[in-house]
Amino acid sequence: MAEVALEDVAGRVLVEHALEAARNAHAPYSKFGVGAALLLTDGSIIPGTNFENASYGLSLCAETVALATANAAGRLRDVVAVGIVGGSIGPAGLIDQGPIYPCGRCRQVLNEAAQMGDRDLVIYCASADGSVMRRHTLSELLPHAFGPGDLGIG
Ligand code: THU
């Protein structure tokens, strides 16, 4: 039997939760749904989805929504990994366009959780059909990050 890395299983579970969250995307303007799911130290999962606004610039990304939810539960320091999935919203769900990566602002917001928890985060970027899942670390996606540590916080 082929060996399955436990971490990949965790990634797949996160991506499943992210896909589920993306079903609730409020994205009538871009028609692009994004789901994110955070894994916490105790194994619990916090989902998020993008939340757009008629005043376009006020739109919130899925990752940021999930991180703010973790913070509201007092768990910002406990985030260890995130799964992200997205695609144009079609009649039967997200249309697969390959894996999507967190935007620059979300990388910075993820870094807040990473530095407050004093750990690098694992980031799983997946395609909407589940056929591709890429494992990265936040330090790869946001090298030389500026964060709370630079302000003596954390
Ligand atoms: N979006 C996210 O939710 N996360 C990202 O990392 C990239 C972009 C959302 C914002 C907007 O609602 C839609 O995708 C199209 O940009």
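What counts and how
- Residues numbered from 1 in each chain as written.
- Predicted model: local features only at pLDDT ≥ 70, side-chain atom pairs only at ≥ 80, totals over all residues.
- Heavy atoms only, no water.
- Core = buried A, V, L, I, M, F, W, Y, C linked by side-chain atoms within 4.5 Å.
- Buried < 20%, exposed > 50% of the residue type's maximum accessible area, 1.4 Å probe, protein only.
- Contact = heavy atoms within 4.5 Å.
- Salt bridge = Lys/Arg side-chain N within 4 Å of Asp/Glu carboxyl O.
- Helix = DSSP H or I, 4+ residues; strand = E, 2+ residues; numbered from the N terminus.
- Near = heavy atom within 4 Å.
- Polar contact = N/O pair within 3.5 Å; in protein donor to acceptor, adjacent residues only side chain to side chain.
- Disulfide = S-S within 2.5 Å.

Trainee: Tell me about the nonpolar core, and please be specific about residues and values.
Mentor: Grouped together as the largest cluster of nonpolar side chains are 24 residues, with contacts concentrated most on L38, L67, V79, V82, L110, I123 and L138. Apart from residues no more than four positions distant in its own chain, V79 is found in contact with L38, L39, L40, L67, A70, A113, R119 and L121. A22, V122, A128 and M133 belong to the second largest nonpolar core, which has 14 residues in total.

Trainee: Report on the pattern of salt bridges, specifying residues and quantitative values.
Mentor: Tallied over the entire structure, the rule returns 3 salt bridges. The closest approach of N and O atoms between R23 and E20, which form a salt bridge, is 3.9 Å. Residue E20 is classed as partly exposed on the basis of its relative accessible area of 47%. Taking the shortest distance from any N to any O, the salt bridge between D42 and R75 comes out at 3.3 Å. With D42 in the loop between β1 (32-40) and β2 (45-49) and R75 in the loop between α2 (62-72) and β3 (79-90), this residue pair connects regions lying 33 residues apart in the sequence. Owing to a relative accessible area of 19%, R75 belongs among the buried residues under this scheme. One continuous salt-bridge network, built from bridges that share partners, spans D42, R75 and D78.

Trainee: Explain the site of the ligand residue by residue, including any values.
Mentor: In the vicinity of the ligand, the residues found are S30, F32, V34, N50, E52, C61, A62, E63, Y101, P102 and C103. One of the backbone nitrogen or oxygen atoms of A62 is found 2.8 Å away from an oxygen atom of the ligand. In the environment of the ligand, an oxygen atom lies 2.9 Å from a nitrogen or oxygen atom belonging to the backbone of C103. Going through the elements one at a time, β1 and α2 are the ones with two or more residues in the shell around the ligand.

Trainee: Lay out the environment of V79 with the relevant residues and their values.
Mentor: In this fold, V79 is placed in strand β3. The spatial distance from the C-alpha of V79 to the C-alpha of L121 is 7.5 Å, given a sequence separation of 42 residues.

Trainee: Tell me about the state of the cysteines, and name the residues and values.
Mentor: Under the defined criterion, the tally for this structure stands at 0 disulfides. With no disulfide of its own, C103 lies closest to C106 among cysteine sulfurs, the gap being 3.7 Å.

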